[in-house]
Every structure is written in C-alpha cells, then in structure tokens.
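What follows is each chain in one-letter form.
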Amino acid sequence: MQYTLGFDLSTQQLKCVAVDENLQPAGEASVDFDADLPGYKTTKGVYISGETVCSPVAQWLEAFDLVLERLAATGLDLGLVTAISGSCQQHGAVFWGEDGSTLLASLDANQGNLVDQLAPTAFSRTTAPNWQDHSTGAQCQAMEAAVGGPQGMAQVTGSRAHLRFTGPQILKVIETEPAAYEATHAITLVSNFATSLLCGKLVPLEEADACGMNLYDIERREFSRPLLQLLEDQRTAPTGPSLLSKLLGEPVRVQGPGETPVCAGNVARYFTDRYGLSPSCRVYPFTGDNLATLCSLPLHGGDAMVSMGTSTTVLLCTREYCPSPSYHLFRHPVLPDHYMAMVCYCNGSLAREQIRDELNATKSIAPGDWEEFSAAVADDSLDTSDELAVYFPLGEIVPSIQATTARVRFDRATGQLTDHVASFPDRRHDAKAIVESQALSCRVRIAPLLTPQPGAFTTTVTASSGTTVSFDGEVRPLGDLLDRRPSRCFFVGGASRNTAIVRRFAAVLGPTAGAFRSENPNACAVGGCYKALWSWLRSSDPQGPDFAQFLDSSMPAGAVASVAGREDAAWDHYNHYIVALSNLERELCA
Ligand code: XUL
C-alpha cells in the first residue's frame, strides 16, 4: 500500500487525512486550535480586536507537529506516504523575517519542535491576517482607484478589492507597521507557508491561491506591475527587498498538457527523522480551501458545485474568463486553461429554516421538521408560476442589498411585475418560492461564465430581440442567459441531504448531464490528497489523464450519488422568471 496525505489548515483547526492508492480513506487526525492549544487563547482560532482579525502563526506550527504525532499514533505507516499536498484558508499572509529561510533550512528533529525552532526569530510579525478581517477599507479604495474602480480591479485580478484579500492587507502593514514591513524578507500566503514548512525551504506562491490577493494579473499570469508599484510607493523609508522579491517572485504556474506537475520539493529531513516520513516523499503546492474543494470532485469545464451551508457558495469550473465585481475568479489549481468562479451568498440555510418554521407554525408542526417544507418544494402541482419572492434575513452580497423580504406576481409573457403582495395564498408557496429564487439567483450569475451553445436549447420564451436583463449593474441581452447551461451540478454541504431542495435547485439550474450529491466532511483535505496523488502519478506519465478525467475513473463507488437527470421542460419553465427577477432586483437595489 501507498498513501497520500492532504492537510487542511483552516480557521479553527488543522486536519490531515490519508487516502490509499484506490482513493479510499486510510487515516485521519486533527487539531482543534481553541481546545487543543489553549495557551494561545484564540476564539474559534482567531484574535478579534475591533475590525482586525488575525491568527497566531506559532499556533499553526504547534498544530503541524501535533497533527502528525496524532496521525502516526493511529498506526498509519507514514513511511509509505508518497506525496503530500493540502488546502489552506485563503487570503491570510505570513510575514517572514531575515532569518526565516535559514531557520527553515536548518530545522533539526533533535533541537525541539517547529515552534521552538521557528517562532522566536523566523517571523517579522507574530500573527497572520485572517480572512474575517475587515480593517482595510481605505486600502481597498486606494487600490481600486488606481486600476479603474471595482470593474477595473476585477478585470485584472479576478475580484474587486475585498477587505480580506492579501494586497490590501499588505498595504495596511506597509502603512501602519513600516518597521515590521521593512524587516520582512518573505511574505507567504497560508498555502505556501504550509508548503514551505513541509519542504524546509521558502517556496513561491501557488498560482490559483495567488488570485485571492488583488495583486495578480490573471490573464497576463504575473503580478500586476501597477498594483505592485502602488504598494511600493507607500513605503516611506524603504530598506528591505522589493515587494516582488518578498513575494518570492512570480507564482508557480499550473502545468500545461504534457508537462510534469511542479513539485515543491521533498519533505524536509525534520519530518523524516521525527515522523518516519520517507525522504523520497514529495510535497506538491498547497492551494486555497475553496480551490481544494473543487478538487474533491471530478469537475470538468462547465460543471458546478453548489455548497449548501449556512451560506450558499457556488463554485464553477469554467474556461471563460468573464470577471465581474460581484464574484471571484481564480485560475484553476490543476486544470490548465480553466478558472474557478466563486459566487458567495449570505442567505442560505438560515433563510430556508425561517420559512420552514413559519410554515410549520401554520400547521401546528414542531419547528425544525422538514417534512411539510420539503413536500411543498417538491410539489409540481403547487402553482408558483407567476410568483417570485426574495427572502434575505441577512444583508445579501449578490445582489448587494440590505436585509429584506419582497413578494411579487409577474406576467409570464413579459416578465413585468404586476403586483407586490404581503403574502402568497399560503406558506407552502413561500417554501417553494425561496428555493426557486435562491436557485434562480445562482443561475443568472453563473450563466455569463458558461460557454454559449447557440441554438442548443429550446425555449418557449418569445422575447423581442432587444430584451435585456440587468444583474449587479451588468446589462445583457436576455438571449445570453438562454443559450448556456451547466453540464453537471454537484450539491454538497448540510442542506444537500434534502432531496426536495436539491431537485428543485437542479430543475432551475438545468444541468444537461444531471445533478449529483456528495457528502464529504473532509472535502478540502481530500481535494489536497487527490491533487497530490494525481500530481505524483502524472509525473511518471506526463501524457496520462488530466485531473478531472483521473477522478472520473478513480473516485470510489458511492462517493457521488445521482439525484436528478436532465430536465429540459423544468429549465424552460424557469426561463420565464429571469426578466421578472431582473426587474425585482432592479427595484430593490434602486
Ligand atoms: C474565500 C474566503 C473563505 C476562506 C475560508 O474567499 O475568504 O472561504 O478561504 O477559509
């Protein structure tokens, strides 16, 4: 047997899972930061001080030793591990001091653990900004202003400027901690921090995760010179290396067809001496957690993953670089010439649960019971064909809007709103309407990212050629939303266990090759494992299958379950809602 390891360094814990060569789980260990490392006094893994949210770097060092100790204690023979990769929270940054690289290279299993050898002097800052930080409003504004506003920033870097993104975070350090910044010799994301630790040397950024910085020019595949310069210009007394040098040069690119996946290095001596890992064990670049999640399932271009948690996140694998200020684009971590789009919503399960309990209350059913809600969602004879409603108990990201609820009726022929109503005939309508409108919102936002297939789909919508729709300020011909559909949709996360919700979502999204469900609580870590295993296999067979083909043929049976097939009539039924949704959002955002 041989194994690969996938780490997941997230906000609250460090996990490590092992899979065997058949992709079957072979072992698992984790470290919960608050519970297992109470000395750092973090809350859910972070320190919060007003708008600033950060994590102690030393805690991560301790966690790496502890998780490997725990994994070895399960009896897994770490000497049989051939390859390692992993997943990390996105956007965070570790600031290394002058000695960082030497200390990494001289790690010695006989000289104490990682925290003893690195924490005292390897870093120029003891904490790393966390993705929940929202203290960089001024920096975001300055950076967007330099590249043509939100649209310009999204065009270059794949996202408008975001408070949590690493560029604004670095700019804040330049402005508010100049001494620490000048003492910094390297800046790593959390992903190449982890890769560097395991390799015992500083390694460059991984390209897909580098797209979460607001610094990387995605189309040119190099750091944006104007953005680097903007940050450089804010240094008041530059003494240390340039920003590009601190970032360890340009990121490591995803290899092209026929090229060997880039290996970051072999695992450092410290880990072979201490945990019995083999000196020939290879470390492949860690990536960001959302990107790793994409790697946990066989997504090809045109396939989508809908994560149904407290919030809803849609990840789409696409060949189209079609940036917008309202979502994120990253380069794909393993498929050349592909991107990952990420659309994030605040309102997901919580909003559905509110409607469920309101419905249950009208029928004297206990709160928390899904039966009545699910029956309404699944009920094709429940006529909601001219009803549309949005339910945002929390302010929403897309559309960008304060908390609100709105119910309307519309003319199916034109999409014009005919009536604003306080309630529908009964609460069952709300159950169906919330799932329909959540799915419609996803549908209209991923459509521009899908490859058009003119004439491929039949629709009963008879729009005049001038009909346009507008979402998030972007106006498009309605026709652009009627000639593209996702290929497969994978549903993951808590609510994906509810078949009625998944089927209704799929009916609206209209995947041409069906809808699937997958339950994997370790998706990020497993995505890291699969990336490592595929990279390792591919390095001895450069002409072998690409990553998605590899997973198609290697995923263990039962890892994904089919929940719905292609449903053309249902998809077309929801074509009639698109103009109405555009009208409703326009009104609400006005
Ligand atoms: C993505 C983001 C979060 C973190 C969580 O942009 O900020 O999903 O990656 O770890």
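Residues numbered from 1 in each chain as written. Predicted model: local features only at pLDDT ≥ 70, side-chain atom pairs only at ≥ 80, totals over all residues. Heavy atoms only, no water.

Quick look at the overall build of the protein chain now. Broken down by element type, the protein chain carries 22 helices and 26 strands. Over its C-alpha trace the protein chain gives a radius of gyration of 24 Å, about what one expects of a compact globule, namely 25 Å for 590 residues. Seen through its principal axes, the protein chain has C-alpha atoms that stretch 75 × 55 × 50 Å. Looking at the 590 residues of the protein chain, the share that counts as buried comes to 60%. For the protein chain, the share of sequence-separated contacts (at least 6 apart) that also reach a separation of at least 24 residues comes to 72%. Just so you have it, the protein chain exposes about 21400 Å², and 49% of that area is on carbon and sulfur atoms. Looking at charge distribution, the protein chain has the averaged site of its 43 positive side-chain charges lying 2 Å from that of its 66 negative ones. (Helix = DSSP H or I, 4+ residues; strand = E, 2+ residues; numbered from the N terminus. Rg over C-alpha atoms; globule rule 2.2 N^0.38 Å. Buried < 20%, exposed > 50% of the residue type's maximum accessible area, 1.4 Å probe, protein only. Contact = heavy atoms within 4.5 Å. Areas by Shrake-Rupley, 256 points an atom, 1.4 Å probe, with all protein chains shown as cover. Lys, Arg positive; Asp, Glu negative; His and termini not counted. Charge placed at Lys NZ, Arg CZ, Asp CG, Glu CD.)

Right, let's get into the packing of aromatic side chains. Taken as a whole and judged by the stated rule, the model has 15 aromatic pairs. Chaining the aromatic ring pairs together yields one cluster made of W60, W96, F123 and F193. The side chain of R125 reaches across the aromatic face of F95, ending 5.2 Å from its centre. In this structure, R356 is placed above the aromatic ring of W370, and the distance from its NZ or CZ to the ring centre is 4.5 Å. (Phe/Tyr/Trp six-rings, centres within 6.5 Å; stacked < 30°, edge-to-face > 60°. Lys NZ or Arg CZ within 6 Å of the ring centre and 35° of its normal.)

For the rest of this paragraph, the subject is the site of the ligand. The environment of the ligand is made up of Q89, Q90, H91, W131, R164, D289, N290 and M342. Measuring from an oxygen atom of the ligand, one finds a side-chain N or O atom of R164 at 2.8 Å. Burial of the ligand by the protein amounts to 86% of the accessible area it has alone, namely 290 Å². Grouping the amino acids of the shell around the ligand by side-chain chemistry returns two nonpolar, four polar and two charged. (Near = heavy atom within 4 Å. Polar contact = N/O pair within 3.5 Å; in protein donor to acceptor, adjacent residues only side chain to side chain. Nonpolar A, V, L, I, M, F, W, Y, C, P; charged D, E, K, R; others polar.)

With that settled, consider the sheet that holds strand β21 (residues 417–421). One open sheet accounts for three strands, arranged β19-β20-β21; its pairing is antiparallel. Two strands close off the open sheet at either side, each with one partner strand: β19 (387–392) and β21. Pairwise comparison of adjacent strand axes, ignoring direction, gives a mean angle of 25° for this sheet. In this structure, β19 lies alongside strand β20 (residues 404–410), joined through six bridges in antiparallel fashion. Its bridge partner being in β20, Y391 is matched across the sheet by T405. (Pairing = 2+ DSSP bridges. Axes fitted to C-alpha atoms, helices over the stretch in contact; angles between N-to-C directions.)

This part covers helix α16 (residues 371–378). Along α16, the residues classified as buried are E372, F373, S374, A376 and V377. Where α16 is buried, its residues touch α15 (349–362), α17 (427–446) and α18 (499–509).

Moving on, we come to unusual backbone geometry. That bond from V398 to P399 is cis: its omega, -5°, falls within 30 degrees of zero. Tracing the backbone through its elements, the reader meets P399 in the loop between β19 and β20. The phi dihedral of K41 is positive, around 55°, even though this residue is not glycine. With respect to the helices and strands, the residue K41 is situated in the loop between α1 (33–36) and β4 (47–49). In this model, D337 sits at a positive phi of 60°, which is unusual for a non-glycine residue. Mapped onto the elements, D337 comes out in the loop between β17 (328–331) and β18 (339–345). What makes D337 partly exposed here is its relative accessible area of 48%.

UniProt feature "domain: Carbohydrate kinase FGGY C-terminal" (unreviewed entry): in the numbering of this structure it lies at residues 304–536. Here residues 304–536 is 29% helix and 24% strand, with 26 Å between the C-alpha atoms at its ends. (UniProt positions renumbered as here; feature names shortened; annotations may be inferred.)

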